[in-house]
Amino acid sequence: MEHFFSLLGSLISTSLISLRWNELCFVLLLSFFSLGCYSIFKKQKIQVFIRWPIVDVLPSLLQNVHRVHDWSAELSAVVGGTIVGRGPIFGSLEVLFTCDPKNVEHMVKTKFNNYQKGPEFLETFSLIGKGIFNVGFDEWLAQRKMAHPKFTSNTFRNTVASVSHAIVQDALLPLLSHIAKHEWVVDLEDVFLRYTYDSTFRVIFGGNSSNLSLEFPENELGKAIDDGTEAMFFRNVTPSQWWKLLRWLKLGKEKKLYEAAKIVDKHLYQIISSKRNELSKGVEANDLLAAYMTSNKNPITSKSLSLTFDDKFLRDTALTFLFAGRDSTGTALTWFFWSISKSPHVEEKILQELKEVLTSKHTNGDTEDQKSSLKDFKSEELKDLVYLHAALCEALRLYPPLPMNQRIAVNDDVLPNGTVVKQGTKILISYYAMARMEWVWGEDCHEFKPERWIDENGKLSPEPLTKLFTFNAGIRNCIGKEMAFTQMKAVVASMMFNFKVELVEGQVMKSKPSLVLHTKNGMKVRIKKRASLL
């Protein structure tokens, strides 16, 4: 019911700005009518898509709000991948929904400068501030120029690899071993989010957060980020006038966001101050925050602005990377192991690849880890494993961590499929739906099939990558892509080789109707020590 009220508010808000008072009264009456009809809609057989007079697709939306991502796939199958509509109930805003990969490539790559996030997006995600994912084009371009050499440097890559390996070896494997010994049931999504928090935290700040430990400690900064994310999602499905009033009054979720922002600021500004103090004393540091601080002697400029390296900029940048690294990679790992649990043949092929890696090490005289009961893998040992990489790509295809994206058309345009886009049109892109279209991926599109990523010569095929937008595309390609794969491979290889993950029977895995593809109820598993494969 909570999601129903949120969506209803969102639908009304799309057209409030253009309504006269008599039309507004009609909208309010219709809202109360919709509340009365909601229970009737729920009792009826779910209709994927029906266009009603005046209310357009509102009844269909009300029926499916609790399963919005699956409904987006069903809708796409009905309308052919792209549909243009008008904001409901006398609204003047045009909305375009698409999952057509050619249209998406056109918007995020070919003519990316015509499809921006817009001022509404920037205000909605105010907690993140002016990080690289939350700014206009000029400022994004300036930040991109600054971030790219840092993320692609050998120093940064080596730091990510060593940090990922260290946390797997020193924290994740001992924790899983303890869980297996005591036969606990554990929420694997929670474990993965702790791992990605710790590894991302260390890469950005150079410190140890120790979130992945036997005590499963509560993390004040992590919880504040979660609370803030929840409130920002609420903003996305609530009339802006309403959440702005709540913000002014500091009530409801806006109060939680206000409190979360204070906690985030307290932690991050303290870390920034400590890092500045360390650098002033000549302490060497290879973390990302230190790299940004030492960049203030060489400011980056764009056409219309230059970046200042003050504490607010560093706070926004650090929070953006921490948020992206933790949630996206943690969610991806969860759905990967869910997919593996349903595909034992895929598990066997990955294990065979890993076995060959260790066998080759021992054959070449590397006996460093032969006496250890738990085997781990270094980044360079995993980078050429074709099937492992293909399996991760397949999981990211079926379960993209960010299942939907939105943009605003800056100018009139025509998409590759002939759809006319007017200036100001709101664009909704569903990557989740794209993965489930037979005309995009074939009749086996719903299957977890890593083989689709491998060509006839046993190499990774470039063709499927043209339809995978998990890391965006073109100039906007995610700068953290390599970091994400390094973190995921470190976990998958060591965890799969040493342990068997068994799903608790009876649970149903569903995604939350949210910005990130988190599970609705977690992923409950039992961890069992795997017999030696060598």
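Residues numbered from 1 in each chain as written. Predicted model: local features only at pLDDT ≥ 70, side-chain atom pairs only at ≥ 80, totals over all residues. Heavy atoms only, no water.

Caption draft 1: Up close: the overall build of the protein chain. Counting secondary structure elements, the protein chain contains 20 helices and 10 strands. Per-residue burial for the protein chain yields a buried fraction of 54% across its 534 residues. Carbon and sulfur atoms make up 55% of the accessible area of the protein chain, which amounts to about 24,800 Å² in all. (Helix = DSSP H or I, 4+ residues; strand = E, 2+ residues; numbered from the N terminus. Buried < 20%, exposed > 50% of the residue type's maximum accessible area, 1.4 Å probe, protein only. Areas by Shrake-Rupley, 256 points an atom, 1.4 Å probe, with all protein chains shown as cover.)

Caption draft 2: Looking closely at the sheet that holds strand S9 (residues 499–503). Spatially, S4-S10-S9 is the arrangement adopted by the three strands of the open sheet, whose pairing is antiparallel. Edge positions in the open sheet fall to strand S4 (185–187) and S9, since each of these has one partner strand only. Pairs of neighbouring strands in the sheet enclose a mean axial angle of 45 degrees, with direction left out of account. Bridge analysis of S4 against strand S10 (residues 524–529) gives three bridges, and the strand direction is antiparallel. Paired with Val185 across the strands is Arg526, a residue of S10. In the packing of helix H8 (residues 154–182) onto the sheet, the strands contacted are S4, S9 and S10, and the crossing angle to S10 comes to about 95 degrees. (Pairing = 2+ DSSP bridges. Axes fitted to C-alpha atoms, helices over the stretch in contact; angles between N-to-C directions. Contact = heavy atoms within 4.5 Å.)

Caption draft 3: Summary view of the packing of aromatic side chains. Taken as a whole and assessed by the stated rule, the structure comprises 14 aromatic pairs. On the numbers, 5.4 Å between centres and 35 degrees between planes, the contact of Phe192 with Phe337 is tilted. Of this pair, Phe192 sits in helix H9 (residues 188–205) while Phe337 sits in helix H14 (residues 311–341), and the two are 145 residues apart along the sequence. Under the relative-accessibility criterion, Phe337 is labelled buried at 3%. One cation-aromatic arrangement involves Lys150 over Tyr292; the distance from NZ or CZ to the ring centre is 5.1 Å. (Phe/Tyr/Trp six-rings, centres within 6.5 Å; stacked < 30°, edge-to-face > 60°. Lys NZ or Arg CZ within 6 Å of the ring centre and 35° of its normal.)

Caption draft 4: Main features of the pairing of S10. In this structure, S9 lies alongside S10, joined through five bridges in antiparallel fashion. Of the residues in S10, the one forming a bridge with Glu502 is Arg526.

Caption draft 5: Quick look at the pattern of salt bridges. Under the criterion given, the structure shown has 30 salt bridges. Ionic pairing is found between Lys253 and Glu230, a salt bridge with its closest N-O pair at 2.8 Å. Note that Lys253 is positioned in helix H12 (residues 252–280) and Glu230 in helix H10 (residues 220–236), a separation of 23 residues in sequence. Of the residues examined, Glu230 reaches a relative accessible area of 34% and is grouped as partly exposed. (Salt bridge = Lys/Arg side-chain N within 4 Å of Asp/Glu carboxyl O.)

Caption draft 6: Fine view of the nonpolar core. Counting residues in hydrophobic clusters, the biggest one holds 129 residues, and the most contacted among them are Leu188, Phe205, Phe336, Phe337, Ile350, Met495 and Ile527. Broken down by element, the residue count for this core peaks at 14 residues, all from H14. Among residues more than four places away in sequence, those in contact with Ile527 are Leu176, Ile179, Ala180, Val186, Met495, Phe499, Lys500 and Val501. (Core = buried A, V, L, I, M, F, W, Y, C linked by side-chain atoms within 4.5 Å.)

Caption draft 7: Representation of unusual backbone geometry in the model. Here Glu183, not a glycine, exhibits a phi torsion of approximately 55 degrees, which is positive. Here Glu183 lies in the loop between H8 and S4. Of the residues examined, Glu183 reaches a relative accessible area of 67% and is grouped as exposed.

Caption draft 8: Representation of the confidence of the model for the protein chain within the structure. Chain-level pLDDT for the protein chain is 83 on average; 81% of the residues reach the 70-or-more range. Confidence drops under pLDDT 50 across residues 1–46; counting only partners more than four residues distant or on other chains, this segment forms 69 contacts. (pLDDT = per-residue confidence, 0-100.)

Caption draft 9: Structural context of the environment of Gly480. Examined against the element boundaries, Gly480 turns out to sit in the loop between helix H19 (438–441) and helix H20 (481–498). For Gly480, a relative accessible area of 17% translates into the label buried. As a C-alpha pair, Gly480 and Phe321 span 159 residues in sequence and 8.6 Å in three-dimensional space.

Caption draft 10: Region of the structure containing H9. When the terminal C-alpha atoms of H9 are compared, their 25 Å separation across 18 residues agrees well with the 26 Å that a helix rising 1.5 Å per residue should span. Here H9 lies mainly inside the structure; 16 of its 18 residues are buried. (Expected span 1.5 Å × (residues − 1).)

Caption draft 11: Quick peek at a nonpolar patch on the surface. There is a patch of nonpolar side chains on the surface, built from Trp242, Leu245, Trp248, Leu249 and Leu251 and spanning about 550 Å² of accessible area. With respect to the helices, strands and loops of the structure, Leu251 is situated in the loop between helix H11 (240–249) and H12. Judged by relative accessible area, which is 42%, Leu251 ranks as partly exposed. (Patch = residues over 30% accessible without salt bridge, like charges linked within 9 Å, V, L, I, M, F, W, Y side chains within 5 Å.)

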